Amino acid sequence: MIRFDDVTKEYPGGTVAVNGLSLTIPTGQITALVGPSGCGKTTSLRMINRMIEPTRGLISIDGKGVADLDAATLRRGIGYVIQHAGLFPHRTVLDNVATVPRLLGWDRAKSRAAAQDWMERVGLSADLADRYPSQLSGGQQQRVGVARALAADPPILLMDEPFSAVDPVVRQQLQSELLRLQAELHKTIVFVTHDIDEALLLGNQVAVLRVGGILAQVARPADLLAAPADDFVADFLGHDRGIRALSFVGMPRLPLHPELTLALGEVPPADAPDWMLVVEGGHPLGWVRTAGVQGAVDTSDLNRSGTVASLTASPREVLDAALSSPARRGVLVDDAGEFVGTVRASELATLLEAGQA
Amino acid sequence: MGWLSTHGGDVWTLLLQHVWLAAVPLVIGLLVALPLGWAARRWRAAYPILVTTSGLLYTVPSLALFILMPLILGTRILDPINVVAAMTVYTVALLVRSVADGLGAVPEDVRAAATAMGYRGFRRLLAVDLPLAVPVLTAGLRVAAVSNVSIVSVASLIGVAQLGNLLTDGYNRAINGELITGIVACLLLALAFDWIIRGIGRALTPWTRA
Ligand SMILES: Nc1ncnc2c1ncn2[C@@H]1O[C@H](COP(=O)(O)OP(=O)(O)O)[C@@H](O)[C@H]1O
Ligand SMILES: [Mg+2]
């Protein structure tokens, strides 16, 4: 557990970057620190590993004040992922990842073995090991940054806008991989971002800071969306809060409807419904408007507009599957991606309205 | 060619002397410039003072510096140490700025990452800052080396022998072969220095070509 106790940071020149911050960061969870640019996120993060010293107040890790610890020793026990990765340009990928083990005095072979292991765990192929950072894509560099932070297996990970410089598709991959890793590792993660959606997606709890370094609210994502503390938080959360909140509530038990399905090459029966789902080998391919099909169904007849939700999806994804389907029936699949049935938006809405979520 | 064929041994001796007088100050100068350049980086106020002072030193005429050295060091007038010391001053004058700028060229996020990983000051300097400063340092060293080779030849005027002797002697006695040998030898020596420093720089920076 990391605790901020009434922590203030005033820079020489008078800028108050963090103002009376009190915050508890629970062990084994992700705490997202979010707020507009200049609100003191980086300053807060860097006070944890003493790259910045607070002007007033106390920061402790598991009850021990960080001010009493040797700074370099403290830092070797805390992983740090920096904005734009901050990799060492003069070292190979493997040597970058092995940095902290080497600093901790592990021998070369053990350090390299650990580095190889972590490269693999963050999804970097082994043949990148001898490249230099400049030879990697932005997404790969960020993965190296994450592997480097984890290489000595520290219990705490500080991440400062680690994914803000990569394109949206790669960002999404990195986010979901972070969640996958975290499910195995249970690190205490402080994740700084200016992107509220990223904070809501990754954080077990989200701390919203306002300019001037004042904590506006700290809450679980669903609670934040359901009960913003003030206008600032509400504005910062932005539009579509009702829809977005559906990502964080449990899925009510919903009646699954069977569906008359077609395979490619089949001719729709005479009494076919308006829209039929085309399924090949159990996997849904898309819908066809039966009236428009001449003879056998082929891929050119498919309407692919509908999204597909898994049985474990949130109400938001299920609702989207229903609303995006041309038949207005949302396609649900199991873990193997095989079709299991359809749902209707109206039925889901009724359950959500009744508060059964 | 006629002149060279009868004086090859002399030229070789002078060449070796010239190498020594230009190279030793280069090494010592680098060693002195490293902490000074680092200090110029470390303390904001020190940068303009150190860089301006060292820049001014470079404008002192070499002959004047050669003559002043015995007064400052208490050495004998003809002692080659005077030349080495003076050349060291020039090297430092050129390299302080290179070191400071080279260290300053290390990207801020790389520096921050090194600190966050748990590097302590001196080890970070050796493991991160200095290697990354090598390209800028190499550029500075190449300038200093060529400048040293050329300035050293002035030492003939205070009686310290090196390739410059061929220039003064060849000129005074109007021996074209000697004069041309002197010029070509200085030129080739400067090129050789440049080539070696570039080679070392390249060997130390494989990542810049990756
Ligand atoms: N070294 C510094 N010296 C003076 N002011 C600083 C320094 N670092 C940050 N600040 C100021 O402190 C405030 C918070 O900065 P920062 O923690 O970097 O915010 P964020 O990471 O949320 O964008 C900003 O107003 C910034 O300009
Ligand atoms: Mg920041």
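Residues numbered from 1 in each chain as written. Chains lettered and ligands numbered in written order. Predicted model: local features only at pLDDT ≥ 70, side-chain atom pairs only at ≥ 80, totals over all residues. Heavy atoms only, no water.

Under an unreviewed UniProt entry, the name given to chain B is ABC-type glycine betaine transport, permease protein, and the organism recorded is Phycicoccus elongatus Lp2. Regarding chain B, the relevant UniProt record gives this comment under Sequence similarities (unreviewed entry): "Belongs to the binding-protein-dependent transport system permease family." (UniProt positions renumbered as here; feature names shortened; annotations may be inferred.)

Chain A carries the name ABC-type quaternary amine transporter in an unreviewed UniProt entry, which gives Phycicoccus elongatus Lp2 as its organism. Quoted verbatim from the Sequence similarities (unreviewed entry) field of UniProt, the annotation for chain A is "Belongs to the ABC transporter superfamily."

J.: What exactly am I supposed to notice about helix α3 (residues 62–73) of chain B here?
T.: Along an α-helix, residues three or four positions apart point the same way, because every turn accommodates 3.6 residues. Residues and elements named next belong to chain B. Between its first and last C-alpha, α3 extends 16 Å over twelve residues, near the 16 Å set by a 1.5 Å rise per residue. Turning to α3, its buried residues are Ser62, Leu65, Phe66, Met69 and Pro70. Down the axis of α3, the smallest arc covering the buried residues is 140°, so these residues share one side. In α3, the exposed positions angled more than 90 degrees off the buried face are occupied by Leu71 and Ile72. Along its buried surface, α3 packs onto α4 (80–104) and α6 (121–152). Directly after α3, the chain includes glycine 74, whose backbone phi takes a positive value near 75°. (Helix = DSSP H or I, 4+ residues; strand = E, 2+ residues; numbered from the N terminus. Expected span 1.5 Å × (residues − 1). Buried < 20%, exposed > 50% of the residue type's maximum accessible area, 1.4 Å probe, protein only. Arc of directions from axis to C-beta. Contact = heavy atoms within 4.5 Å.)

J.: It is not clear to me how the site of ligand 1 should be interpreted in this structure. Could you clarify?
T.: All names here are of chain A. Around ligand 1, the neighbouring residues are Tyr11, Thr15, Ala17, Ser37, Gly38, Cys39, Gly40, Lys41, Thr42 and Thr43. One nitrogen or oxygen atom from the side chain of tyrosine 11 is found 3.4 Å from a nitrogen atom belonging to ligand 1. Cysteine 39 is positioned such that a nitrogen or oxygen atom in its backbone is 3.2 Å from an oxygen atom of ligand 1. Contact with the protein chains covers 59% of the free accessible surface of ligand 1, which is 560 Å². (Near = heavy atom within 4 Å. Polar contact = N/O pair within 3.5 Å; in protein donor to acceptor, adjacent residues only side chain to side chain. Areas by Shrake-Rupley, 256 points an atom, 1.4 Å probe, with all protein chains shown as cover.)

J.: How should the packing of helix α5 (residues 108–117) of chain B against α6 of chain B be read in this particular structure?
T.: Two packed helices can be described by the angle between their axes and the distance between those axes. Residues and elements named next belong to chain B. Remark: α5 packs on α6, axes separated minimally by 11 Å, with the N-to-C direction vectors making an angle of 165°. The angle between the axes of α5 and α6 places the two elements in the roughly antiparallel class. The two elements α5 and α6 cross, and the hand of that crossing is right-handed. Seen from α5, the contacting residues are Val110, Arg111, Ala114 and Thr115; seen from α6, they are Arg124, Val128, Asp129 and Leu132. (Axes fitted to C-alpha atoms, helices over the stretch in contact; angles between N-to-C directions. Parallel < 35°, antiparallel > 145°, perpendicular 65-115°, else oblique. Left-handed = near helix turned anticlockwise from the far one by under 90°.)

J.: Explanation requested: empty space enclosed by the protein in the structure shown.
T.: Where empty space is left in the structure can be found by rolling a water-sized probe over the atoms. All names here are of chain A. Tallied over the entire structure, the rule returns three cavities of 30 Å³ or more. Taken as a whole, the largest cavity holds about 90 Å³ of empty space. As for the largest cavity, its lining consists of Val122, Arg143, Val146, Met159, Phe163, Leu174, Glu177, Leu178, Arg180 and Leu181. Counting only elements with at least two residues in the lining of the largest cavity, the list comes to α6 (138–150) and α7 (168–185). Looking at the lining of the largest cavity residue by residue, the classes come out as seven nonpolar, no polar and three charged. Broken down by secondary-structure element, the contributors of at least two residues to the lining of the second largest cavity are α2 (71–76) and β6 (78–81). Here the element with the most residues in the lining of the second largest cavity is β6; it accounts for three residues. Split into classes, the residues belonging to the lining of the second largest cavity amount to seven nonpolar, one polar and two charged. (1 Å grid on protein atoms, 1.4 Å probe; cavity = no way out; pocket = protein on both sides within 12 Å on 5 of 7 lines; lining within 4 Å. Points joined across faces, edges and corners; volume = space filled by probe spheres on them. Nonpolar A, V, L, I, M, F, W, Y, C, P; charged D, E, K, R; others polar.)

J.: Quick question: what am I supposed to make of the sheet that holds strand β16 (residues 339–344) of chain A here?
T.: Adjacent strands of a sheet pair through backbone hydrogen bonds, lying either parallel or antiparallel. Residue and element names in this part refer to chain A. Across the sheet, which stays open at both edges, the three strands sit in the order β14-β15-β16 with mixed pairing between neighbours. Single-partner strands in this sheet number two, and they are β14 (308–310) and β16. Each adjacent strand pair in this sheet contributes to an overall mean axis angle of 40°, direction not counted. Both strand β15 (residues 329–333) and β16 contribute to a ladder of five bridges, which runs antiparallel. Bridge pairing links glycine 330 to valine 343 in β16. Its contacts with the sheet place helix α12 (residues 315–324) against β14, β15 and β16, and it is angled at close to 130° to β15. (Pairing = 2+ DSSP bridges.)

J.: How do you make sense of the UniProt feature "transmembrane region" (unreviewed entry) in chain B when you look at a structure like this?
T.: Residue and element names in this part refer to chain B. Mapped onto the present numbering, the UniProt feature "transmembrane region" (unreviewed entry) falls on residues 20–40, 47–69, 81–100, 121–143, 149–167 and 179–197. Secondary structure over residues 20–40 splits into 100% helix and 0% strand, and the C-alpha atoms at its two ends are 29 Å apart. Between the first and last C-alpha atoms of residues 47–69 the distance is 26 Å; the span itself is 87% helix and 0% strand.

J.: It is not clear to me how the nonpolar core should be interpreted in this structure. Could you clarify?
T.: Note that soluble globular proteins tend to have their nonpolar side chains buried in a common cluster. In terms of nonpolar packing, the biggest core is built from 45 residues, with Ile2 and Phe4 of chain A touching the most fellow members. Leave out the neighbours within four places in its chain, and phenylalanine 4 of chain A touches Leu21, Ser22, Leu23, Ile25, Ser44, Met47, Ile48, Leu58 and Ile59 of chain A. Counting residues in hydrophobic clusters, the runner-up holds 42 residues, among them Val99, Leu125, Val152 and Leu163 of chain B. (Core = buried A, V, L, I, M, F, W, Y, C linked by side-chain atoms within 4.5 Å.)

J.: Explain the sheet that holds strand β3 (residues 30–34) of chain A to me, please; I cannot follow it from the model alone.
T.: Residues and elements named next belong to chain A. Across the sheet, which stays open at both edges, the six strands sit in the order β6-β7-β8-β3-β9-β10 with mixed pairing between neighbours. Strand pairing shows two members of the sheet lacking a second neighbour, β6 and β10 (214–219), which therefore form its edges. If you compare each strand with its neighbour and ignore which way they point, the axes differ by 15° on average. Across the sheet, α6 lies against β6 and β7 (156–160), angled at about 170° from β6, the strand it touches most.

J.: Would you explain the environment of tyrosine 11 of chain A in this entry?
T.: All names here are of chain A. When you line up the elements, tyrosine 11 lands in the loop between β1 (2–10) and β2 (16–25). Here tyrosine 11 falls in the partly exposed class, since its relative accessible area comes to 29%. The spacing of tyrosine 11 and threonine 55 is 44 residues in sequence and 8.3 Å in space, taken between C-alpha atoms. Ignoring anything within four residues of it in the chain, the contact list for tyrosine 11 reads Ala17, Thr43 and Ile52.

J.: Explain the pairing of strand β8 (residues 188–193) of chain A here, please?
T.: Residue and element names in this part refer to chain A. For β8, the buried fraction is high: six of the six residues fall into the buried class. In β8, alternate side chains face the same way, and those of Thr188, Val190 and Val192 on one face and Ile189, Phe191 and Thr193 on the other are all buried. Both β7 and β8 contribute to a ladder of five bridges, which runs parallel. Following the sheet pairing, leucine 157 is matched in β8 by isoleucine 189. Regarding topology, α7 serves as the crossover connection from β7 to the parallel β8, and that connection is right-handed. (Right-handed = clockwise from strand over helix to strand, strands pointing away.)

J.: What should I look at first to understand the packing of aromatic side chains in this one?
T.: The relation between two aromatic rings is expressed through the spacing of the ring centres and the mutual angle of the planes. This model, assessed by the stated rule, comprises five aromatic pairs over all chains. Arranged with centres 5.5 Å apart and planes meeting at 80°, the rings of tyrosine 58 of chain B and tyrosine 90 of chain B form a pair that is edge-to-face. On the criterion of sequence distance, the pair formed by tyrosine 58 of chain B in helix α2 (residues 46–58) and tyrosine 90 of chain B in helix α4 is long-range, its members being 32 residues apart. Of note, lysine 110 of chain A hangs over the ring of tryptophan 106 of chain A, and the distance from its end group to the ring centre comes to 4.3 Å. (Phe/Tyr/Trp six-rings, centres within 6.5 Å; stacked < 30°, edge-to-face > 60°. Lys NZ or Arg CZ within 6 Å of the ring centre and 35° of its normal.)

J.: Explain the pattern of salt bridges here, please?
T.: Between side chains of opposite charge, a pair can form when the charged atoms approach closely. Residue and element names in this part refer to chain A. Applying the stated criterion to the full structure yields 20 salt bridges over all chains. The residue arginine 50 makes a salt bridge to glutamate 53 at a minimum N-O spacing of 2.9 Å. Classification of glutamate 53 by relative accessible area gives partly exposed; the value is 35%. In this structure, glutamate 177 engages arginine 180 in a salt bridge whose closest nitrogen and oxygen atoms are separated by 4.0 Å. You can see glutamate 177 and its partner arginine 180 sitting in helix α7, three residues apart, about one turn around the helix. Several salt bridges converge on common partners, so that one network encompasses Arg121, Arg143, Glu177, Arg180 and Glu184. (Salt bridge = Lys/Arg side-chain N within 4 Å of Asp/Glu carboxyl O.)

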